[in-house]
Amino acid sequence: MSKYLLENQETERLAFRKLEELDFEDWLPFYHNPKSTQFWEGQPVDAVEACRAQFDRIFERYETDLGGMNALISKESGALVGICGLLVQTVDDQEELEIGYSVLPKFWLKGYAFEAAQKCKEFAFENNFSESVISIIHVDNVPSQKVAQKNGLYLEKTTTYKNNPVHIFRVNQG
């Protein structure tokens with residue numbers, strides 16, 4: 001299992017656990033909402049294909065110790081709210097530890113992305129995984145940028161990542 005997973009971690013409203021194949025149908029509505037993926041080029045257009053590709057990447061990361069997304073479970077209802085995690089990424093030929101987050105549309109604007117991202121940042125620094133963490137966010141994705149800034153990350157640079165124009169937000173440990 002990847003050391004970067006937040007299994008058995010919790011926040012006030014969320015429980016973190018490893019994503020499972022059984023979560024596929026619950027996560028599929030993310031790809032049915034065009035606003036979820038409007039900023040990212042190069043993904044499959046078909047919702048099922050896009051969801052399958054993401055799940056395959058997540059499970060591959062688990063096996064190769066490159067971090068991975070955790071399922072975010074509402075402690076109140078038991079529902080899947082989103083996915084969030086620490087991901088080993090290569091940006092501009094440099095290995096980085098990224099906080100990635102996505103929330104199902106029906107849970108948008110309720111603070112879940114920030115709550116989960118903040119926990120990932122704390123977990124990374126408590127375990128001394130890296131001297132800094134980043135978030136890779138499309139230049140047009142203002143809602144995700146606001147989450148990163150609220151989480152204490154600052155805009156470090158703009159670059160290209162996987163053929164998309166992105167902002168790199170960073171926060172240093174300490």
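Residues numbered from 1 in each chain as written. Predicted model: local features only at pLDDT ≥ 70, side-chain atom pairs only at ≥ 80, totals over all residues. Heavy atoms only, no water.

Undergrad: I would appreciate a short explanation of the packing of aromatic side chains in the present structure.
TA: Enumeration according to the criterion identifies eight aromatic pairs in this entry. Centre to centre, the rings of F24 and F55 are 5.3 Å apart; their planes meet at 75 degrees, and the pair counts as edge-to-face. Of the two residues, F24 is situated in helix α1 (residues 24-32) and F55 in helix α2 (residues 47-64); the sequence distance between them amounts to 31 residues. Under the relative-accessibility criterion, F24 is labelled buried at 9%. On the basis of relative accessible area, F55 is assigned to the buried category, the value being 0%. (Phe/Tyr/Trp six-rings, centres within 6.5 Å; stacked < 30°, edge-to-face > 60°. Helix = DSSP H or I, 4+ residues; strand = E, 2+ residues; numbered from the N terminus. Buried < 20%, exposed > 50% of the residue type's maximum accessible area, 1.4 Å probe, protein only.)

Undergrad: In this structure, what is going on with the nonpolar core? I would like to understand it.
TA: One broad trend across soluble globular proteins is that nonpolar side chains are buried collectively. One finds W27, L86, L97, I99 and Y101 to be the most contacted residues of the largest nonpolar core, which totals 52 residues. In terms of residue count, helix α3 (residues 112-126) provides more of this core than any other element does, nine residues in total. Setting aside residues no more than four positions away along its own chain, Y101 makes contact with M69, I83, C84, A113, A117, S135, I137, S144, V147 and A148. In terms of nonpolar packing, the next biggest core, distinct from the first, is built from six residues, V91, I134, Y161 and I168 among them. (Core = buried A, V, L, I, M, F, W, Y, C linked by side-chain atoms within 4.5 Å. Contact = heavy atoms within 4.5 Å.)

Undergrad: What is the right way to read the environment of I137 from this model?
TA: Among the structural elements, I137 can be located in strand β5 (residues 132-138). On the basis of relative accessibility, which here comes to 4%, the residue I137 falls in the buried class. Setting aside residues up to four positions removed in sequence, I137 forms contacts with Y101, S144, Q145, A148, V166, H167 and F169.

Undergrad: Would you explain the layout of surface pockets in this entry?
TA: The probe, sized like a water molecule, is rolled over the atoms to show the empty space still left. Roughly 1,500 Å³ of internal volume is contained in the largest pocket. Taken together, 49 residues make up the lining of the largest pocket; nearest its centre are F30, Y101, S102, N141 and S144. Of all the secondary structure elements, the ones that give two or more residues to the lining of the largest pocket are α1, α2, β3 (80-91), β4 (94-103), α3, β5 and α4 (142-150). Residues that form the lining of the largest pocket fall into these classes: 25 nonpolar, 15 polar and nine charged. (1 Å grid on protein atoms, 1.4 Å probe; cavity = no way out; pocket = protein on both sides within 12 Å on 5 of 7 lines; lining within 4 Å. Points joined across faces, edges and corners; volume = space filled by probe spheres on them. Nonpolar A, V, L, I, M, F, W, Y, C, P; charged D, E, K, R; others polar.)

Undergrad: For this particular structure, what's the right way to read the side chain of S144?
TA: One can find S144 in helix α4. What makes S144 buried here is its relative accessible area of 16%. S144 has contacts with Y101 and I137, leaving out every residue within four places of it along the chain.

Undergrad: Sorry, what's going on with the state of the cysteines here?
TA: As used in these notes, a disulfide is a covalent bond between sulfur atoms, one from each of two cysteines. With the rule as written, the count across this model stands at zero disulfides. Here C51 is not cross-linked by a disulfide; its sulfur's nearest cysteine counterpart is in C84, at 17 Å. With no disulfide partner, C120 has as its closest neighbouring cysteine sulfur the one in C84, 3.5 Å distant. Looking at C120, the relative accessible area reads 0%, which means it is buried. (Disulfide = S-S within 2.5 Å.)

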